[in-house]
Amino acid sequence: MSDAEGTQEMAGFGQFSIDQETAANPQQFYPMMREMGILPMEDMTIITRHEDVMWALRHPEVFSSNMDAIDIGNVRPLIPLQIDPPDHVKFRRLLDPLFAPREIEKLEGAVRALVTELIDTFIDQGTCEFNSAVAIPLPCTVFLRLMGLPLEDLDLFLRFKDGIIRPPAADLAEGRALARATGQEIYAYFEQVISERRERPQDDLITGFIGAEIDGERLTTEDILDISYLFLLAGLDTVTASLGCAVAYLAAHPDRQAALRSDPSLIPAAVEELLRWETPVPGILRVATEAVELAGATIPAGRSVTCLLASANTDGAEFADPETVDFERSGNRHLAFGAGVHRCLGSHLARVEMRVALEELHRRVPQYEVQPGETPIFTAGIRGVEYLPLVWETA
Ligand code: HEM
């Protein structure tokens, strides 16, 4: 459920209930949270400092991301997120080359053509709702193409991901039930696609998975389902949210926007800095496999833990002048893509989508701002901007 003045709740990636002011400006709370170090909440512990978050993410034997850590409507561990080492590395060895920079670079032309097409639809109107005009269709279309799926399924995919990440439910129990039902639909959808590709191979990722081997053994249909399910959840909402947050920031900061327009070579660094500052995936979940001491506190075995990437990303112990958004920041070791063995598989793809979108937007659209009288609506959980009405002057 979501409304501008009230609260937002979501099941799946975690349960949240926060107001719009907090959702729009979460950064203001992190210094106080880091001061406390470890926050023992009722049903989970939050780790807030950069050093401690890094430690937790680099010790998956102590902080596991298995199915006890996160429930997103799935019935088997998602691959590779919910697989702990040592098995995890086998899957990453298979998947990493597919998302390596040299593979992703090949997509840049198609991504640029798509962004151009999207901007063409609204540029002359002097206004757009950025979320529905660019931030949603861009990553969804790229994803469907990579997986070799029909573009007509875009709405279905949006319903799938929203049914898990932000189920339209009255309470958490209903939300969980809806996520589970949506999960079943996702399995059924991909099962059908996998069986079609076994009959008629194509040039796409799913066909690639069917032919792939790990230690001389083919992936099973279940393995391919567990990878595809995760891709759907990991690759769509995150880019939508990151683009929305970045453009909302730029709309509110005309000087930063002008800097990108006059010197587009700043854009790659701006993408990193906006990912650091906004951290659209604010927290990632783990479960303690044993009792562990961290930042002077004991975290008991079996405890759920949130590694608060957003807070780590504004920790002055790691980042000089952390509250300043600096497109020329050097050595920006932000954690927006996580860290350790589960660091984001799709980071290069996400970066290309964000860079190209910001390049084309600032090359073609003049100074833009949020439509006067309107307020962007931020979402909880994965931090996106579900309503971002922009205006600019037309010639
Ligand atoms: C700006 C956009 C993105 C952000 C901010 C982001 C963020 C993250 C984060 C924080 C993690 C770590 C999760 C954890 O350790 O619990 C992660 C993992 C992952 N991401 Fe992304 N992601 C983005 C885009 C993508 C895209 C486009 C894909 C495409 C498939 C993708 C696929 C994955 C996968 C498969 C994992 C799990 C890796 C593993 O467990 O080894 N992500 N992402």
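Calculation criteria
Residues numbered from 1 in each chain as written. Predicted model: local features only at pLDDT ≥ 70, side-chain atom pairs only at ≥ 80, totals over all residues. Heavy atoms only, no water. Core = buried A, V, L, I, M, F, W, Y, C linked by side-chain atoms within 4.5 Å. Buried < 20%, exposed > 50% of the residue type's maximum accessible area, 1.4 Å probe, protein only. Helix = DSSP H or I, 4+ residues; strand = E, 2+ residues; numbered from the N terminus. Contact = heavy atoms within 4.5 Å. Near = heavy atom within 4 Å. Polar contact = N/O pair within 3.5 Å; in protein donor to acceptor, adjacent residues only side chain to side chain. Axes fitted to C-alpha atoms, helices over the stretch in contact; angles between N-to-C directions. Parallel < 35°, antiparallel > 145°, perpendicular 65-115°, else oblique.

Chemist: So what exactly am I meant to see when it comes to the nonpolar core here?
Modeler: Generally speaking, a soluble globular protein has its nonpolar side chains buried in company with each other. The biggest cluster of nonpolar side chains holds 104 residues, and the ones touching the most others in it are F130, F190 and F231. Among the elements that make up this core, the one with the highest residue count is helix α13 (residues 237-252) (10 residues). In contact with F190, not counting residues within four places along its chain, are M147, L149, F157, I206, L225, S228, Y229 and L232. Residues M54, A288, V305 and C307 belong to the second largest nonpolar core, which totals 19 residues.

Chemist: Any chance you could explain the site of the ligand here in plain terms?
Modeler: Taken together, 25 residues sit near the ligand, with H88, R92, R286, H342 and C344 positioned nearest. Within the contact set of the ligand, an oxygen atom lies 3.3 Å away from a backbone nitrogen or oxygen of L81. One of the side-chain N or O atoms of H88 is found 2.7 Å from an oxygen atom in the ligand. When contributions to the shell around the ligand are tallied by element, the ones reaching two or more residues are α4 (87-95), α12 (221-235), α13 and β7 (283-288). With 4 residues, α12 is the largest single contributor of residues to the shell around the ligand.

Chemist: What's the story with the packing of helix α9 (residues 154-165) against α12 in this structure? I'm lost.
Modeler: Two packed helices can be described by the angle between their axes and the distance between those axes. Following both chains from N to C, one finds α9 and α12 inclined at 85 degrees, their axes separated by 10 Å at the closest point. When the axis of α9 is compared with that of α12, the two are roughly perpendicular. Mapping the contact onto sequence places F157, F160, K161, I164 and I165 in α9 and Y229, L232 and L233 in α12.

Functional significance is not addressed by these values, which are geometric in nature.
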